[in-house]
Amino acid sequence: MYTSGVVNRSSAAAVNTASQTYTPVENTSAALISEVLYREDQPMMAQMLLLPLLQQLGQQSRWQLWLTPQQKLSREWVQSSGLPLTKVMQLRQMSPCDMLDSMVRALRTGNYSVVIGWLTEELSSEEHARLLSAAEEGNSMVFIMRPVQSTSHPTGQFNGLKIHSNLYH
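- Per an unreviewed UniProt entry, the recorded name for the protein is Cell division inhibitor SulA, and the organism is Kluyvera intermedia.
- According to UniProt, the comment filed for the protein under the heading Sequence similarities (unreviewed entry) is "Belongs to the SulA family."
- Taken directly from UniProt, the Subunit (unreviewed entry) text for the protein runs: "Interacts with FtsZ."

Below, the structure written as structure tokens:
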């Protein structure tokens, strides 16, 4: 997962500890780019991770833009997921070569709290910098959804970051 976050140094935020929700204070400026890898045979895992954040962003006055390759968002799914139907916009059947440029243009407008796009390849450093600059300019978040083939996962232990906990050992 490739994540970058930039927070304006003059910004402030209030955290409501009773409900564990993030409430932005005026003049808060944050940009975030996160790449979410998910298995195509288990798309619900990515949804479970992102939905709470998308629900929170849905409370803003700005739109959520979904740039999807082919799938159409279902009205029923959007409503049952707790997302504001009136603030979700989708553009679909976009070619991968147009996806990055469309994301950058949308971010720069400042009309979107979050832009979600599906890409099949990893971002280059230059592409990442372009998206980060646009996210900062529009004070937005970016989620890049990247499916991985279920056959590409080894059946053994994944070679990556291991988090140990005394609760489970």
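1. With respect to the environment of G58
- Residue position: G58 is located in the loop between α1 (43–57) and β5 (63–68).
- Along the sequence, G58 and S113 sit 55 residues apart, while their C-alpha atoms lie 8.1 Å from each other.
- Those residues in contact with G58, other than ones at most four positions away along the chain, are Q64, P84 and K87.

2. Focus on the pattern of salt bridges
- Inspection of the entire model under this criterion finds four salt bridges.
- For R146, the salt bridge identified is with E35, shortest N-O distance 2.4 Å. Taken as a pair, R146 in strand β8 (residues 141–148) and E35 in strand β4 (residues 30–39) lie far apart in primary sequence, 111 residues in all. Each member of the pair, R146 as well as E35, is classed as buried.
- Of the charged contacts in the structure, one is a salt bridge between R146 and E122, with a shortest N-O distance of 4.0 Å. Of the two residues, R146 sits in strand β8 while E122 sits in the loop between β7 (112–118) and α4 (125–138), which places them 24 residues apart along the sequence.
- Its relative accessible area of 59% is what places E122 among the exposed residues.

3. Regarding the side chain of R146
- Assessed through its relative accessible area of 12%, R146 is described here as buried.
- Side chain to side chain, R146 and E35 meet in a polar contact 2.4 Å long.
- The contact partners of R146, leaving out residues within four places of it in the chain, are E35, V36, L37, Y38, L119, T120, E121 and E122.

Reading the values: rules and limits
Residues numbered from 1 in each chain as written. Predicted model: local features only at pLDDT ≥ 70, side-chain atom pairs only at ≥ 80, totals over all residues. Heavy atoms only, no water. UniProt positions renumbered as here; feature names shortened; annotations may be inferred. Helix = DSSP H or I, 4+ residues; strand = E, 2+ residues; numbered from the N terminus. Contact = heavy atoms within 4.5 Å. Salt bridge = Lys/Arg side-chain N within 4 Å of Asp/Glu carboxyl O. Buried < 20%, exposed > 50% of the residue type's maximum accessible area, 1.4 Å probe, protein only. Polar contact = N/O pair within 3.5 Å; in protein donor to acceptor, adjacent residues only side chain to side chain.

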